[in-house]
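Structural overview for review
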Amino acid sequence: MPSDKQRPPDTKSRLHPRNRHRARYDFPQLIQSCPGLKPFVHRNKYGDESVNFFDPAAVRMLNKALLRHYYGMDDWDIPDGYLCPPVPGRADHLHYLADLLAEKNHGKIPVGPGVKCLDIGVGANCIYPIIGRSEYAWSFVGSEIDVTALASAEKMIERNAGLTGQVEVRRQSNPANIFEGIIQPGEYFHLTICNPPFHSSAAEAQAGTIRKLKNLKGKKISKPTLNFGGQNQELWCVGGEVEFVKNMVQESRKFAQSCGWFSTLISKEANLKEVYKNLKKVAATELKTIQMGQGNKKSRMVAWRF
């Protein structure tokens, strides 16, 4: 067996201090919680138990085990081909948002269903409401344009007691809108959450996947398999991340009195300049950029308020 010195560095220590996934996965415990994971677990070249992260079925089952073991999700699944997000990264996002809310609450994280969150693009996986309910007991509204994803999220809410009555999903009938048609008159959200489509076209999304797999596998990839899945509207939109966030920023001005903090993930650091320019145009009164580390990847979140 190779020595510890030959193993790649453990990058999970870069996750938020409250993140439950900072340590290596305890596969015996996960299998006990979710026996269906067992066939996917094997010893890697370092002698450690792991799963094949290039296998969509393995990634999906690992997510099911993590969500059951740590977040009480008795019944979680997604339609074939839909986004299966990495749980540790999504948990990190929420923990940093909790810290943001604490800043305006005398340093104490507000908990309970009185804290209302809006998840823009909740997806078939319903990941943010699941983690947010378990960790902080917040209530959620999730918006979604895809009817299949919406039906998946609704089914999940119905089948899991921890979500029923505290998570609601609403269809966004106009893809050009983000908050319009979702936030109702007199409604108030303490924060909004968004993981926007990163790419500007299907071809760009595929090229990005090929580059990622090439870096991970160290060899040429011509026909990528999306190990984390994703439908077109989950991965790309016209104008890509910059245009999507620009529209979100412009529309947020109209709903300034309806939300405490607006926030979005930004995949590329180079896009921050354009985001800041648009926030200046709408006269946001406070802006924060939160740097995060997830695995070998750096990411960041931008939050603003009026």
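Residues numbered from 1 in each chain as written. Predicted model: local features only at pLDDT ≥ 70, side-chain atom pairs only at ≥ 80, totals over all residues. Heavy atoms only, no water.

**Remarks on the sheet that holds strand 7 (residues 259-266)**
The strands making up a sheet associate through backbone hydrogen bonding, with each pair oriented either parallel or antiparallel. Taken together, the seven strands give an open sheet; going across it, the order is 5-4-3-6-7-9-8, and neighbouring strands pair in mixed fashion. The two strands at the open ends of the sheet, each matched to only one other strand, are strand 5 (167-171) and strand 8 (286-294). Each strand axis lies, on average, 20 degrees off the axis of its neighbour in the sheet, ignoring direction. In this sheet, strand 7 lies alongside strand 6 (residues 189-194) in parallel orientation, the contact comprising two bridges. Looking at strand 7, one finds that Leu191 is bridged to Trp261. In this fold helix 3 (residues 87-103) packs onto strand 6, strand 7, strand 8 and strand 9 (297-305), with an angle of close to 145 degrees to the strand it touches most, strand 8. The strands touched by helix 5 (residues 147-159) within the sheet are strand 4 (139-144) and strand 5, with strand 5 carrying the most contacts at an inclination of about 165 degrees. (Pairing = 2+ DSSP bridges. Helix = DSSP H or I, 4+ residues; strand = E, 2+ residues; numbered from the N terminus. Axes fitted to C-alpha atoms, helices over the stretch in contact; angles between N-to-C directions. Contact = heavy atoms within 4.5 Å.)

**Observations regarding the packing of helix 8 (residues 240-254) against helix 9 (residues 272-281)**
Here helix 8 crosses helix 9 at 20 degrees, and the two axes come no closer than 9 Å. Our classification of the angle between helix 8 and helix 9 gives roughly parallel. By crossing handedness, the relation of helix 8 to helix 9 is classed as right-handed. Together, Val242, Val245, Lys246 and Val249 of helix 8 and Glu274, Val275, Asn278 and Leu279 of helix 9 make up the contact between the two elements. Residues of the contact of helix 8 with helix 9, tallied by class, amount to five nonpolar, one polar and two charged. (Parallel < 35°, antiparallel > 145°, perpendicular 65-115°, else oblique. Left-handed = near helix turned anticlockwise from the far one by under 90°. Nonpolar A, V, L, I, M, F, W, Y, C, P; charged D, E, K, R; others polar.)

**Let's talk about the pattern of salt bridges**
The tally for this structure, following the rule as stated, stands at 13 salt bridges. The salt bridge involving Arg20 is made with Glu135; its shortest N-O contact spans 2.9 Å. Taken together, the residues Arg20 in the segment before helix 1 (27-33) and Glu135 in helix 4 (residues 127-136) connect sequence positions 115 residues apart. Of the residues examined, Arg20 reaches a relative accessible area of 40% and is grouped as partly exposed. The salt bridge partner of Glu286 is Lys104, with a shortest N-O separation of 3.3 Å. A residue pair is termed long-range when its members are at least 10 positions apart, and Glu286 in strand 8 and Lys104 in the loop between helix 3 and strand 3 (116-120) qualify at 182 residues. A relative accessible area of 23% places Glu286 in the partly exposed class. Ionic contacts of the salt-bridge type, sharing partners, join the residues Arg60, Lys64, Asp77 and Asp80 into one network. (Salt bridge = Lys/Arg side-chain N within 4 Å of Asp/Glu carboxyl O. Buried < 20%, exposed > 50% of the residue type's maximum accessible area, 1.4 Å probe, protein only.)

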